[in-house]
Amino acid sequence: MTKKRRNNGRSKHGRGHVKAVSCDGCHRLSPKDKVIKRYQVRNIVETSALRDINEALGLDSYSLPKTYIKQQYCVSCAIHRKTVRVRSRENRRIRTFARPVRKPL
């Protein structure tokens, strides 16, 4: 039988069993090494209210804290949300990934 991917879509490598984690999109249980993990850093306050808070605060040097969210998606949810994309057979062999371009705030 031919193999579609070198690692069979997982990063288990020698471990017999891996715990299942719940997908943040659909709550499907997927192995922890198979889920697509993304780390999201956001401001606690949205940008529209940020200016009002800075004016009321009066301190220029104070920066508001951020929320750090680790998101774990099953393969189907990651494709649906365009976190990852389907690649051709030749492009699947490329193991490096392009960093997303960040939007300036």
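Each residue is numbered by its place in its chain's sequence as written, counting from 1. Residues qualify for local features only when their pLDDT is at least 70, as the model is predicted, and side-chain atom pairs are given and counted only at 80 or more; totals for whole chains, interfaces and linings, by contrast, use all residues. Side-chain calculation: all heavy atoms of the structure are included, whereas hydrogens and water are not.

*Asks:* What should I look at first to understand the overall build of the chain in this one?
*Replies:* The secondary structure listing takes helices from DSSP runs of H or I that are at least 4 residues long and strands from runs of E that are at least 2 residues long, numbered from the N terminus. Scanning the chain for helices and strands turns up three helices and four strands. Scanning the chain from its N terminus toward the C terminus, one meets helices and strands in the order β-β-β-α-β-α-α. The globule rule used for comparison is 2.2 Å times the number of residues to the exponent 0.38, while the radius of gyration itself is calculated over C-alpha atoms. What you see for the chain is a C-alpha radius of gyration of 19 Å, clearly larger than the 13 Å of a compact globule of 105 residues, by over 25%. With the principal axes as the frame, the chain shows a C-alpha extent of 65 × 30 × 25 Å. Classification of residues uses two cut-offs on accessible area relative to the type maximum, computed with a 1.4 Å probe and protein chains only: under 20% is buried, over 50% is exposed, and between them is partly exposed. Put simply, the chain has 105 residues, and 13% of those count as buried.

*Asks:* So what exactly am I meant to see when it comes to a nonpolar patch on the surface here?
*Replies:* On the surface, Ile53, Leu57, Leu59 and Tyr62 cluster together to form a nonpolar patch covering roughly 350 Å² of accessible area. Within the secondary structure layout, Leu57 lies in helix H1 (residues 47–57). Leu57 sits in the partly exposed class, given a relative accessible area of 39%. Residues enter patches when they are more than 30% accessible in relative terms and free of salt bridges; like-charged ones are connected within 9 Å and nonpolar ones (Val, Leu, Ile, Met, Phe, Trp, Tyr) within 5 Å. Surface accessibility in these figures is a Shrake-Rupley result with a 1.4 Å probe; residues are shielded only by whichever protein chains are displayed. By definition here, a salt bridge exists when the distance from a side-chain nitrogen of Lys or Arg to a carboxyl oxygen of Asp or Glu is within 4 Å.

*Asks:* Even after reading the chapter, I still don't get the nonpolar core, so can you show me in this structure?
*Replies:* Nonpolar side chains tend to gather and get buried jointly when the protein is soluble and globular. In these notes, a set of buried Ala, Val, Leu, Ile, Met, Phe, Trp, Tyr and Cys residues joined through side-chain atoms within 4.5 Å is what counts as a nonpolar core. Core analysis: the largest hydrophobic core is formed by six residues, namely Cys23, Ile36, Tyr73, Cys74, Cys77 and Ala78. We call two residues in contact whenever any of their non-hydrogen atoms come within 4.5 Å of each other. If we skip the residues at most four places from it in the chain, Cys23 touches Arg28, Gln72, Tyr73, Cys74 and Cys77.

*Asks:* I tried to follow the packing of aromatic side chains on my own but got confused; where do I start?
*Replies:* Here the distance between the centres and the angle between the planes together describe a pair of aromatic rings. Working definition: a ring pair exists when centres of Phe, Tyr or Trp rings (six-membered ring for Trp) sit within 6.5 Å. Plane angles under 30 degrees give stacked, over 60 give edge-to-face, the rest tilted. For the coordinates displayed, the defined rule picks out one aromatic pair. When the ring of Tyr39 is compared with that of Tyr68, the centres are 6.4 Å apart and the planes differ by 25°; the resulting orientation is stacked. Here Tyr68 lies in strand S4 (residues 66–73) and Tyr39 lies in strand S3 (residues 36–43), a separation of 29 residues in the sequence. Accessibility classification places Tyr39 together with Tyr68 in one group, the exposed group.

*Asks:* Please clarify how the state of the cysteines should be interpreted in this entry.
*Replies:* Such a bond, covalent and formed between the sulfur atoms of two cysteines, is termed a disulfide. Two cysteine sulfurs form a disulfide in these notes if their separation is within 2.5 Å. Enumeration over the complete set of coordinates arrives at zero disulfides. Its sulfur unpaired, Cys23 is 3.7 Å from the next cysteine sulfur, which belongs to Cys77. Here Cys23 falls in the buried class, since its relative accessible area comes to 1%. Note on Cys26: no disulfide assigned, nearest cysteine sulfur contributed by Cys77 at a separation of 3.6 Å. Judged by its relative accessible area of 37%, Cys26 falls in the partly exposed class.

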